[in-house]
Amino acid sequence: MNTLQKPIDISVIAPIYNEEGNIEEFTNRVLKVLNQMALTYELIFINDGSKDQSLLKIFKICEAHENVFFINLSRNFGHQIAVSAGLDHVSGQCTVIIDSDLQDPPELIPTLYKKYKEGNMVVYARRNKRKGESFFKLLSAKLFYRIIRKLTTIDIPLDTGDFRLIDQSVVKYLRLMPEKNKFLRGQIAWLGLQQTAVFYNRDERKVGVTGYPFKKMMRFALDGITGFSEVPLSFVTRLGFIILFISFLVILYAFYSHYFLKVTITGWTSLMVGIMFMGGIQLFCLGIIGEYLSRMNKNSMNRPLYIIEKTNLVSPKENA
Ligand code: UDP
Ligand code: MG
């Protein structure tokens, strides 16, 4: 798909969102590793609507290196979509997905590749330690990986992000998955196939701030849960049954107290508590259903997943 004629052994895709301070070092480290591996390669940057000088830096790098390419998305579509855009355009025998903030060390790529050559279709990098992240981020990440494992029947590996190497067949299957709310690590786990882990210590982000603030993290978590679990929906049903049963008992008691005890309950407090409680539960359950519905809505609209503003790839896939 690119200008190189030789078959490509390894493609590396790196999403970029406001990484002007990291791109150069990232490129140098990745290219150094790839050159040492003596393989044919392509490095594709996906600029996800950066608001800083990232794109200009990418242009410069692409001019200097014939096997570095870029896809400039028309706005910020989010990390998962940026990676999906990259996956749609790789042509290597295998592909490495890596963050460009140097939290995922490029020096791990040869180890991932070695495991791949041993016959694994997916080699994911699992975090031993995470340096320099806030207590809140560590706790929420830990909780998230554990909750999603409880809620889903597929085996999503713990403490593993998207940093991984995947075979071209995995790329092909991912392209066949039409969902708009991407949760790549779940989708890859869903595929099954021969998968293995390599452990590493996650570094601090070199420069800049996280592109995953709380709101994005929540949306991502909900995409993971709604995409791979129906437990919340059956929870709503079960909760409905339990509350129905409790209300039935309360009604029985009300009749009993009226006809036999001759006490008619006048309590305003209990009524208020009941109404507030029920109202809360109903809204919560409606919210859960709404989360699923909004995702169905997004999928039924069938809009393209992203829009490419510009690229130096020779035959880019039409905006989708
Ligand atoms: N990123 C992106 N789009 C976004 C947010 C992030 O392409 O909307 C990129 C970012 O440049 C980085 C990777 O995705 O290469 C991971 O993001 P980040 O480091 O901000 O997330 P964190 O490591 O804090 O979870
Ligand atoms: Mg990061």
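In this report, the structure presented in the accompanying data block is examined. (Residues numbered from 1 in each chain as written. Chains lettered and ligands numbered in written order. Predicted model: local features only at pLDDT ≥ 70, side-chain atom pairs only at ≥ 80, totals over all residues. Heavy atoms only, no water.)

Side note on a nonpolar patch on the surface
A contiguous nonpolar surface patch, about 890 Å² in accessible area, is contributed by Ile251, Tyr253, Phe255, Tyr256, Tyr259, Phe260, Leu261 and Val263. With respect to the helices, strands and loops of the structure, Tyr259 is situated in helix α9 (residues 231-259). (Patch = residues over 30% accessible without salt bridge, like charges linked within 9 Å, V, L, I, M, F, W, Y side chains within 5 Å. Areas by Shrake-Rupley, 256 points an atom, 1.4 Å probe, with all protein chains shown as cover. Salt bridge = Lys/Arg side-chain N within 4 Å of Asp/Glu carboxyl O. Helix = DSSP H or I, 4+ residues; strand = E, 2+ residues; numbered from the N terminus.)

Concerning the coordination of the magnesium ion (ligand 2)
Coordination of the magnesium ion (ligand 2) by the protein involves Asp101 (OD) and Gln103 (OE1), with metal-donor separations of 1.9 Å. This pair shows no difference in class: Asp101 is buried, exactly as Gln103 is. (Donors = N, O, S within 2.8 Å, 3.2 Å for Na, K, Ca; no water. Buried < 20%, exposed > 50% of the residue type's maximum accessible area, 1.4 Å probe, protein only.)

Focus: a positive patch on the surface
On the surface, Arg75, Lys215, Arg219 and Lys298 cluster together into a positively charged patch. Within the secondary structure, Lys215 sits in helix α8 (residues 214-228). When its relative accessible area of 65% is taken as the criterion, Lys215 is described as exposed. (Lys, Arg positive; Asp, Glu negative; His and termini not counted. Charge placed at Lys NZ, Arg CZ, Asp CG, Glu CD.)

With respect to the side chain of Asp162
Summarising the element assignment, Asp162 is placed in strand β6 (residues 160-167). The exposure class assigned to Asp162 is buried, which follows from its relative accessible area of 6%. There is a polar contact of 2.7 Å between the side chain of Asp162 and the side chain of Gln80. In this structure the side chain of Asp162 is engaged in a polar contact, spanning 3.3 Å, whose partner is the side chain of Arg185. For Asp162, the contacting residues outside a window of four places in its chain are His79, Gln80, Ile97, Leu184 and Arg185. (Polar contact = N/O pair within 3.5 Å; in protein donor to acceptor, adjacent residues only side chain to side chain. Contact = heavy atoms within 4.5 Å.)

As for the site of ligand 1
Taken together, 19 residues form the shell around ligand 1, and within it Glu19, Asp48, Asp101, Thr210 and Gly211 come nearest. Between an oxygen atom of ligand 1 and a main-chain N or O atom of Tyr17, the distance comes to 2.8 Å. Residue Asn76 places a side-chain N or O atom 3.0 Å away from an oxygen atom belonging to ligand 1. Looking at the shell around ligand 1 residue by residue, the class counts come to four nonpolar, seven polar and eight charged. (Near = heavy atom within 4 Å. Nonpolar A, V, L, I, M, F, W, Y, C, P; charged D, E, K, R; others polar.)

Some points on the pattern of salt bridges
Evaluation of the coordinates by the stated rule reveals 12 salt bridges. Residues Asp99 and Arg202 are paired through a salt bridge, measuring 3.6 Å at the closest nitrogen-oxygen approach. Remark: Arg202 occurs in strand β7 (residues 195-202) and Asp99 occurs in the loop between β4 (94-97) and α4 (109-117); sequence separation between them is 103 residues. The two residues Asp99 and Arg202 agree in class, both being buried. One salt-bridge network, held together by shared partners, links Glu25, Arg29 and Glu107.

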